[in-house]
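# Residue-level structural notes
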Amino acid sequence: MLSERRLEVLRAIVQDYVGTEEPVGSKALTERHRLGVSPATVRNDMAALEEEGYIAQPHTSAGRIPTDKGYRLFVDKLAAVKPLSSPERRAIQNFLEGAVDLDDVVGRTVRLLAQLTRQVAVVQYPSLTRSTVRHVELLSLAPARVMLVLITDTGRVEQRMIDCPAPFGETSLADLRARLNSRVAGRRFADVPPLVQDLPEAFEAEDRGTVSTVLSTLLETLVEETEERLMIGGTANLTRFGHDFPLTIRPVLEALEEQVVLLKLLGEAKDSGMTVRIGHENAHEGLNSTSVVSVGYGSGGEAVAKLGVVGPTRMDYPGTMGAVRAVARYVGQILAES
């Protein structure tokens, strides 16, 4: 374990390197920070930090820079994340409240995160495997044609056209709608199939074929929609950090194009707490020079998806973590109210 003083020196090195982009020397540290010890003591502390792998000397520079291990300790020992200012919070709320539907919420969240953090923003759509049915609407388009509209608790809306095997009257349709909603409203997708399997038996023989067709379309929709989707934005922000990526930025851009990589990066939605993965903690080789800050969001205290940012390891961690957490909280509120 590092002594509190050496931890203070490490914190000062991280802050200066993130702020200046320049390797940090002992003289600059003692001038900029009130460490309460002589430059010689700071030099000794830096030598010890280097020996233990928390900082390193790049090429022939006199200064030192944090390693992945150094950033990791810095993040683990953070006393607090940087809160957003009141104007920033109001701006976030106003911007997100203008969204008209779920796609718009996700799109606005991506743009907002990318602007606030000046990193690459990644937002996962609410996972339907953890969603519940809010309402099922059935609309008659023709005597033997029905539109099914599935609305989830996260505001996702799915529509399907159904060609019925026989004409289906308005009265029967209203009956089916009422019976269906009484059984499935508020239920998780996975729980729906057994709840509706005997529904056709409640109808006259000539209507059972149509009821079965509507139910099979509903169940197919529930299964289809369990695939995960995400949106990414702010990739151009990476070009500002060209010198932070050894050799080239290309492996990072290629990794960001792979949805599977990004979903793994964000992690499981059920792990809703703040996650910070630094450098080589990212399993994908193309992302070894990046850090990923992610957190779960959702309505009613349960995370339904993750959002986060990807940037260089030389990142303002307290500020980025504060912004990611604040945006997640507001998105959760919007979903709860939608």
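Residues numbered from 1 in each chain as written. Predicted model: local features only at pLDDT ≥ 70, side-chain atom pairs only at ≥ 80, totals over all residues. Heavy atoms only, no water.

### Some thoughts on the UniProt feature "domain: HTH deoR-type" (unreviewed entry) in the chain
- Within this numbering scheme, the UniProt entry marks residues 34–62 as carrying the feature "domain: HTH deoR-type" (unreviewed entry).
- As a span, residues 34–62 carries 45% helix and 7% strand, and end to end its C-alpha atoms are 21 Å apart. (UniProt positions renumbered as here; feature names shortened; annotations may be inferred. Helix = DSSP H or I, 4+ residues; strand = E, 2+ residues; numbered from the N terminus.)

### A short note on the sheet that holds strand 10 (residues 305–312)
- Pairing is antiparallel in the open sheet, where 5 strands are placed in the order 7-3-10-9-8. Whereas interior strands pair on both sides, the edge strands pair on one side only; in this sheet they are strand 7 (230–233) and strand 8 (275–278). The mean inter-strand angle of the sheet, taken between neighbouring strand axes irrespective of direction, is 15 degrees.
- The sheet contact formed by strand 3 (residues 120–124) and strand 7 spans 4 bridges and is antiparallel. The residue bridging Ala 121 from the neighbouring strand is Gly 233, located in strand 7.
- Its contacts with the sheet place helix 12 (residues 317–337) against strand 8, strand 9 (290–297) and strand 10, and it is angled at close to 25 degrees to strand 9. (Pairing = 2+ DSSP bridges. Axes fitted to C-alpha atoms, helices over the stretch in contact; angles between N-to-C directions. Contact = heavy atoms within 4.5 Å.)

### Points about the sheet that holds strand 5 (residues 145–152)
- In space, the 3 strands of this open sheet follow the order 4-5-6, with antiparallel pairing throughout. In the strand order of this sheet, the two ends are held by strand 4 (133–142) and strand 6 (157–163), each with one partner. Put simply, the sheet's adjacent strands are angled 20 degrees from each other on average, direction ignored.
- Two elements, strand 4 and strand 5, share 8 bridges in a ladder whose sense is antiparallel. Looking at strand 5, one finds that Ser 140 is bridged to Val 146.
- Its contacts with the sheet place helix 7 (residues 170–184) against strand 4 and strand 5, and it is angled at close to 170 degrees to strand 4.

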